Amino acid sequence: MMSVALGVVAVPASASAADAGSVTVLSTGGDYTRVTDSKWYCSSLTNGSVCIRYINNFTGVDVKYVKTGGSALSVRFSYGSHVKGSATSPGAWQSISSGQTKSTVWNNASILGDCLQGHMETKNSSGSSAGNFYTPVISKGTTICDGW
């Protein structure tokens, strides 16, 4: 379930006052980025960015979608950790329009190992699937997630 879409680029999203501080990227490569703090790591999409970050001193997960264009959608988020395909139950469906940001937060997440990837499922206004989108795989500490 947790595969990475081709052509996805990891780009830090702009920081808000709540996530002020600096990001230290230890290494990048393949489909992962190693991080040493809880900043956002995003995949660029045609109409926005789907992003993930660790929160609560690496005990929680936050996944969001920043929508910059296109038609209104319904979105719901989940995340997978350690083993590809091992995912949390998705959050609730949320409506989103251009110019909005929606997210789901897991404050005390079940994070198995150090590798983590966010997932966003989408539906159009008629309720039909509009696609699945993924964040970059991120890793805390020194774990390498290549081929994950």
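A brief report on the enclosed structure follows. What you see is a predicted model, and the numbers here were worked out from it, not measured in a lab.

Cut-offs and rules
Residues numbered from 1 in each chain as written. Predicted model: local features only at pLDDT ≥ 70, side-chain atom pairs only at ≥ 80, totals over all residues. Heavy atoms only, no water. Helix = DSSP H or I, 4+ residues; strand = E, 2+ residues; numbered from the N terminus. Contact = heavy atoms within 4.5 Å. Areas by Shrake-Rupley, 256 points an atom, 1.4 Å probe, with all protein chains shown as cover. Disulfide = S-S within 2.5 Å. Buried < 20%, exposed > 50% of the residue type's maximum accessible area, 1.4 Å probe, protein only. Phe/Tyr/Trp six-rings, centres within 6.5 Å; stacked < 30°, edge-to-face > 60°. Lys NZ or Arg CZ within 6 Å of the ring centre and 35° of its normal. Salt bridge = Lys/Arg side-chain N within 4 Å of Asp/Glu carboxyl O. Core = buried A, V, L, I, M, F, W, Y, C linked by side-chain atoms within 4.5 Å.

### Notes on the overall build of the protein
Argument step 1. When its secondary structure is counted, the protein shows zero helices and 12 strands.
Argument step 2. Moving toward the C terminus, one meets the helices and strands of the protein in the order β-β-β-β-β-β-β-β-β-β-β-β.
Argument step 3. For the protein, long-range pairs separated by at least 24 residues make up 58% of all intrachain contacts whose partners lie at least 6 apart in sequence.
Argument step 4. Summed over all atoms, the accessible surface of the protein reaches about 7000 Å², with 49% contributed by carbon and sulfur.

### Quick notes on the state of the cysteines
Argument step 1. With the rule as written, the count across this model stands at one disulfide.
Argument step 2. Residue pairing for cysteine 42: its cysteine sulfur links by disulfide to cysteine 51, the two sulfurs lying 2.1 Å apart. Here the S-S torsion is close to 105°, and the disulfide linking cysteine 42 with cysteine 51 is therefore right-handed.
Argument step 3. A relative accessible area of 0% places cysteine 51 in the buried class.

### Notes on the packing of aromatic side chains
Argument step 1. Following the criterion strictly, the structure yields two aromatic pairs and no others.
Argument step 2. Cation over ring: lysine 64 sits above tryptophan 40, and NZ or CZ is 4.1 Å from the ring centre.
Argument step 3. A cation over an aromatic ring shows up here: lysine 123 above the ring of tryptophan 93, its NZ or CZ 4.2 Å from the ring centre.

### A word on the pattern of salt bridges
Argument step 1. Evaluation of the coordinates by the stated rule reveals two salt bridges.
Argument step 2. For arginine 53, the salt bridge is made with aspartate 62, and the minimal N-O distance between the two is 3.1 Å. Each member of the pair arginine 53 and aspartate 62 is classed as buried.
Argument step 3. When the shortest N-O distance is used, the salt bridge between glutamate 121 and arginine 76 registers 2.9 Å. With glutamate 121 in strand E10 (residues 115–123) and arginine 76 in strand E7 (residues 73–81), this pair connects stretches of sequence that are 45 residues apart.
Argument step 4. For arginine 76, a relative accessible area of 23% puts it in the partly exposed group.

### Focus: the nonpolar core
Argument step 1. Val61 and Leu116 are the most contacted members of the largest nonpolar core, which totals 20 residues.
Argument step 2. Contributing elements (two or more residues each) for this core: strand E5 (48–55), strand E6 (60–67), E7 and E10.
Argument step 3. Ignoring any residue separated from it by four or fewer positions in sequence, one finds valine 61 in contact with Ile52, Arg53, Ile55, Tyr79, Thr104, Val105, Trp106, Ala109, Ile111 and Leu116.

### Observations concerning the environment of cysteine 115
Argument step 1. Among the secondary structure elements, cysteine 115 is positioned in strand E10.
Argument step 2. What makes cysteine 115 buried here is its relative accessible area of 5%.
Argument step 3. When the C-alpha atoms of cysteine 115 and glycine 141 are compared, they prove to be 9.6 Å apart, with 26 residues separating the residues in sequence.

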